[in-house]
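Residues per chain are reported as follows:
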Amino acid sequence: MRFTDKVVMVTGAAAGIGRVTAEAFAREGAILAICDLNPETGEAAAKALGPKAFFQAVDVSQEAAVSEWADEVAKRCGRIDVLVNNAGITRDALLLRMKESDWDLVLAINLKGAFLCTKAAVRHMAQQRAGRIVNVASVVGVVGNIGQANYVASKAGLIGLTKTVAREFAVRGITVNAVAPGFIETQMTAVLSDKVKQAFLAQIPLGRAGTPQDVADAILFLASEQAAYLTGQVLHVSGGMVM
Ligand code: NAD
């Protein structure tokens, strides 16, 4: 029970990695403040997490909604201990076919969303002189990927954001790290063709796709006391896909 009564915010927690991460924190005693776009699936996810969890419908790319959410969490719980910037989307296309609107949307959710949530939560953490932020980046943000210029740029940007916020807030006792998942089985990757899935699998030394739990385990570690001396780091959770 590493997180008894710790206040943990997780974005995009109605499905996939975010949902499994919220469940893992809840099993270790945390109070969960989760957000996502769809109120029905979000409420259902919060209910499944138990009585200490609560949901708010928030689009992380909207500053007013994000800042209201963080203030509400701080007011209700008295503090914010952990923020997991997990919400993310893909809109894949080769560069010459990529629409400007798809570039803008992916950057707005994956990168600006993390900036806005960080800004809103870190104010409270700074007053406490303690806090943990974990950003969900991707291995492709480090090595690039054909057909994902927008997504890769957002994840590479998120890694830069991680390192900068880590430097700015170290003095306040706040650590900021990222996980970089490889190929993880969620609704995001379910839509890929068998050919693309096989191509990913062929690059994974450990010989299997990752599970959301594999990523959640790394996120909980970075959010825990055991990771007190880690900041500005990117932990690859990819079965060795990237070394
Ligand atoms: P997912 O689609 O299963 O879940 C993403 C969740 O984010 C959904 O519930 C969705 O509704 C929510 N969301 C989307 N836009 C939002 C917004 N504007 N505001 C709030 N919530 C929003 O995807 P996943 O695979 O669980 O991905 C989670 C994170 O992990 C993403 O940041 C993704 O880029 C990253 N990631 C995933 C993989 C993978 O292989 N699945 C690999 C590397 C990184």
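Caption draft 1: Structural context of the side chain of D36. Within the secondary structure, D36 is located in strand β2 (residues 31–36). Here D36 sits buried without a salt bridge, and the closest side chain of opposite charge, R19, lies 8.8 Å off (N-O distance). Separated by 3.3 Å, the side chain of D36 and the backbone nitrogen of A13 make a polar contact. Among the polar contacts listed, one links the side chain of D36 to the backbone nitrogen of A14, at a separation of 3.0 Å. Those residues in contact with D36 that sit more than four places away from it in its chain are G12, A13, A14, A15, F55, Q56, A57 and V58.

Caption draft 2: A look at the site of the ligand. In the vicinity of the ligand lie 27 residues, with I17, D36, N86, Y151 and T186 positioned nearest. One of the side-chain nitrogen or oxygen atoms of D36 is found 2.6 Å away from an oxygen atom of the ligand. Between an oxygen atom of the ligand and a side-chain N or O atom of Y151, the distance comes to 2.5 Å. A total of 830 Å² of accessible area belongs to the ligand in isolation, and the protein chains cover 93% of it. Of all elements in the fold, only α1 (16–27), α6 (149–169) and α7 (187–190) reach the threshold of two or more residues within the shell around the ligand. For the shell around the ligand, the element with the highest residue contribution is α7, accounting for three residues. A breakdown of the residues in the shell around the ligand according to their chemical character gives 15 nonpolar, nine polar and three charged.

Caption draft 3: A look at the pairing of strand β3 (residues 54–57). Relative to β3, β2 is paired through four bridges, and the arrangement is parallel. Bridging across to β3, C35 finds its partner in Q56.

Caption draft 4: A look at the sheet that holds strand β1 (residues 7–11). On the basis of which strands lie adjacent, the open sheet formed by seven strands has the order β3-β2-β1-β4-β5-β6-β7 and parallel pairing. Two strands close off the open sheet at either side, each with one partner strand: β3 and β7 (234–237). The sheet shows a mean angle of 20 degrees between the axes of neighbouring strands, direction not considered. Sitting on the sheet, helix α2 (residues 39–49) is in contact with β2 and β3, with an inclination near 165 degrees to β3.

Caption draft 5: Spotlight on the nonpolar core. Counting residues in each nonpolar core, the largest one holds 49 residues, and the members touching the most others are M9, W69, V73, I80, L83, I133 and I174. Looking at this core, the elements with two or more residues in it are β1, β2, α3 (63–77), α4 (100–128), α6 and β6 (174–181). In terms of residue count, the dominant contributor to this core is α4 (10 residues). Other than its neighbours up to four places away in sequence, V73 contacts V7, M9, A33, F54, G78, R79 and I80. In terms of nonpolar packing, the next biggest core, distinct from the first, is built from 31 residues, A22, L32, V215 and A216 among them.

Reading the values: the criteria
Residues numbered from 1 in each chain as written. Predicted model: local features only at pLDDT ≥ 70, side-chain atom pairs only at ≥ 80, totals over all residues. Heavy atoms only, no water. Helix = DSSP H or I, 4+ residues; strand = E, 2+ residues; numbered from the N terminus. Buried < 20%, exposed > 50% of the residue type's maximum accessible area, 1.4 Å probe, protein only. Lys, Arg positive; Asp, Glu negative; His and termini not counted. Salt bridge = Lys/Arg side-chain N within 4 Å of Asp/Glu carboxyl O. Polar contact = N/O pair within 3.5 Å; in protein donor to acceptor, adjacent residues only side chain to side chain. Contact = heavy atoms within 4.5 Å. Near = heavy atom within 4 Å. Areas by Shrake-Rupley, 256 points an atom, 1.4 Å probe, with all protein chains shown as cover. Nonpolar A, V, L, I, M, F, W, Y, C, P; charged D, E, K, R; others polar. Pairing = 2+ DSSP bridges. Axes fitted to C-alpha atoms, helices over the stretch in contact; angles between N-to-C directions. Core = buried A, V, L, I, M, F, W, Y, C linked by side-chain atoms within 4.5 Å.

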